[in-house]
Amino acid sequence: MKLNVEAVRACYPALADGYAYLDGAAGTQVPTVVIEAISAAQAAGLGNSGGVFPASHRADSITADCRAAIAALTGGDADGIVLGPNMTTLTYRMAGALASTWAPGDEVVVSRLDHDANIRPWVQAAERAGATVRWAEVDFETGELPAAQYGELIGDRTRLVAVTAASNLIGTRPDVAAITAMAHSVGALSYVDGVHATPHQPVDVAALGADFYATSAYKWSGPHIGAVVAEPALLDTLHPDKLVPSPDAVPERFELGTPSFASLAGVTAAVHHLASLSEAGGSDAVTLRERVLSSMAAVERHEQELFGVLLAGLDSLNHVRTYGRAVSRTATAYFTVAGRTPRQVAEHLATRKINVWHGDNYAWELTGALGIRDSGSAVRAGLVHYNDSTEVERLIAAIAEL
Ligand SMILES: Cc1ncc(COP(=O)(O)O)c(C=O)c1O
């Protein structure tokens, strides 16, 4: 099934401003259905959770629908979807809860491929618990995170392995299933950062072996909401800091304060939007999960095809150097241009109405490992489902001007 990119683009009012939004890895635009769902939730009247009147019931059913939608997107259990403002906040929360079960001498494995949000919460929690941090390294030449090294890194004292499903900088998709299998073989848990991966491919948390899978809706056409997917039984073993009167049930136990109910309605709309992207998605005969899987497979094919054109274009320019050439990657290019700082490149592209990011994009350890952090790192141009070939051609032409 092929994406009809023109039809997809028509769903996104922001794309009409003439800019090429190649900044999707830092956050996507939202389709009209999401904007309308947020607005409709507010217009209908919303109360707080757990009341006995209709506006409160509406808030509770919005929350339940949101958990069900994220479960459909990831293959998780709706009763194990922890909601929060973003992945970073939730990961600090999970790190606090998990670290309270660690003892001095326990070990935690993190990787230099990861966004800092899946490194620092674990490093700081380990420090407090007296646990040792072990580092998985990136192959400088290829940008791969070789799974084999985990055989050495994981041992009897390993309690947690934190690894990304895809690098937000160079797109590398490590062999997460192999890594989590090694973690499980010694009884350790896995925390998989799915923030960058989720918008680019079908996701199945069980196939990944992710005990915890973190994702952020604003990376996949939704509003600014984060979620952690886990088995309810696993969540039940953890006891995060919480208020005395707040619900102790799972997953509510992990959720602090009053959520943005209207945004949760937007998240549900975003999942339904993703499910509708492929032509096969229109059929009522299949479940939301099946429609999402079919759509995300089409999204992945579209992005990879366009990525081939983007990489070939960058490679054709002698003054451009690209980083990362992992065998399995999301459509995320990271590059420098000779004689220009990454910021200057991004500024030039902005004058050509092309949005890209420059800098480390919080993949702090990775830019250090690549040896480019001190020089301002590089420029990131990422593709998502609504990007098309004319945008890629504009990017290459604008870089050629430099
Ligand atoms: C791979 C990855 N992990 C984690 C994060 C942090 O996500 P959030 O902004 O939801 O805290 C990001 C954000 O860019 C990301 O790209």
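Up top is the structure.
Cut-offs used in this document
Residues numbered from 1 in each chain as written. Predicted model: local features only at pLDDT ≥ 70, side-chain atom pairs only at ≥ 80, totals over all residues. Heavy atoms only, no water. Helix = DSSP H or I, 4+ residues; strand = E, 2+ residues; numbered from the N terminus. Rg over C-alpha atoms; globule rule 2.2 N^0.38 Å. Areas by Shrake-Rupley, 256 points an atom, 1.4 Å probe, with all protein chains shown as cover. Lys, Arg positive; Asp, Glu negative; His and termini not counted. Charge placed at Lys NZ, Arg CZ, Asp CG, Glu CD. Near = heavy atom within 4 Å. Polar contact = N/O pair within 3.5 Å; in protein donor to acceptor, adjacent residues only side chain to side chain. Buried < 20%, exposed > 50% of the residue type's maximum accessible area, 1.4 Å probe, protein only. Pairing = 2+ DSSP bridges. Salt bridge = Lys/Arg side-chain N within 4 Å of Asp/Glu carboxyl O. Contact = heavy atoms within 4.5 Å. Axes fitted to C-alpha atoms, helices over the stretch in contact; angles between N-to-C directions. Expected span 1.5 Å × (residues − 1). Arc of directions from axis to C-beta. Parallel < 35°, antiparallel > 145°, perpendicular 65-115°, else oblique. Nonpolar A, V, L, I, M, F, W, Y, C, P; charged D, E, K, R; others polar.

Q: Explain the overall build of the protein chain residue by residue, including any values.
A: When its secondary structure is counted, the protein chain shows 14 helices and 13 strands. Taken over the C-alpha trace, the protein chain has a radius of gyration of 21 Å; the compact-globule value for 402 residues is 21 Å, and the two agree within 12%. By principal-axis analysis of the C-alpha atoms, the protein chain measures approximately 60 × 55 × 35 Å. Approximately 15900 Å² of the protein chain is accessible, and the part contributed by carbon and sulfur atoms is 54%. The centroid of the 28 positive side-chain charges in the protein chain is displaced by 5 Å from the centroid of its 44 negative side-chain charges.

Q: Help me get a handle on the site of the ligand, residues and values and all.
A: All residues adjacent to the ligand are Asn-86, Met-87, Thr-88, His-115, Ala-117, Asn-168, Asp-193, Val-195, His-196, Ser-216, Tyr-218 and Lys-219. Ser-216 has a polar side-chain atom sitting 2.5 Å from an oxygen atom of the ligand. In this structure, Tyr-218 approaches the ligand through a side-chain N or O atom, which is 2.5 Å from an oxygen atom. A total of 390 Å² of accessible area belongs to the ligand in isolation, and the protein chains cover 90% of it.

Q: Describe the pairing of strand β13 (residues 378–382), listing the residues and the values that go with them.
A: In terms of burial, β13 is a largely internal element, five of the five residues being buried. As defined by bridge partners, strand β10 (residues 332–337) adjoins β13 across four bridges and the pair is classed as antiparallel. When the sheet's bridge partners are listed, Phe-335 is paired in β13 with Val-379. Pairing of strand β12 (residues 357–359) with β13, which is carried by three bridges, proceeds in the antiparallel orientation.

Q: Before we move on, could you go through the pattern of salt bridges and cite the residues and values that matter?
A: Counted according to the given criterion, the structure contains 16 salt bridges. Between Asp-116 and Arg-120 there is a salt bridge whose closest N-O contact spans 2.6 Å. Within the structure, one salt-bridge network assembled from shared partners comprises Arg-112, Asp-116, Arg-120, Glu-137 and Glu-365.

Q: Before we move on, could you go through the side chain of Thr-142 and cite the residues and values that matter?
A: Checked against the element boundaries, Thr-142 lands in the loop between β4 (132–136) and α6 (150–153). What makes Thr-142 buried here is its relative accessible area of 18%. In terms of polar contacts, Thr-142 uses its side chain to reach the backbone amide nitrogen of Glu-144, at 3.1 Å. Excluding residues that lie within four positions of it along the chain, Thr-142 makes contacts with Gly-324, Arg-325 and Ala-326.

Q: Give a detailed account of the sheet that holds strand β6 (residues 189–193), specifying residues and quantitative values.
A: Within the open sheet, the seven strands sit side by side as β2-β8-β7-β6-β5-β3-β4. Their pairing is mixed. With one partner strand each, in any of the chains shown, β2 (81–84) and β4 form the two edges of the open sheet. Strand after strand, the sheet turns through a mean of 20° between neighbouring axes, direction not considered. The sheet contact formed by β2 and strand β8 (residues 226–230) spans four bridges and is antiparallel. Across the sheet, Val-82 pairs through a bridge with Val-228, a residue of β8. Along the sheet face, helix α4 (residues 87–99) touches β2, β5 (158–164), β6, β7 (212–216) and β8 and points at about 170° away from the line of β6.

Q: I'd like a description of helix α14 (residues 389–400), backed by residues and values.
A: Spanning 12 residues, α14 covers 17 Å between terminal C-alpha atoms, matching the ideal 16 Å at 1.5 Å per step. Those residues of α14 that fall on the buried side of the exposure criterion are Glu-391, Val-392, Leu-395, Ile-396, Ala-398 and Ile-399. Down the axis of α14, the sector holding all buried residues measures 165°, keeping them to one side.

Q: Let's hear about the packing of helix α10 (residues 261–275) against helix α11 (residues 288–315): which residues, and what values?
A: Put simply, α10 and α11 touch, their axes get as near as 7 Å, and they point 60° apart. Relative to α11, the element α10 lies oblique. Mapping the contact onto sequence places Val-271, His-272, Leu-274 and Ala-275 in α10 and Leu-288, Arg-291, Val-292, Ser-295 and Met-296 in α11. Taken together, the residues of the contact of α10 with α11 sort by class into six nonpolar, two polar and one charged.

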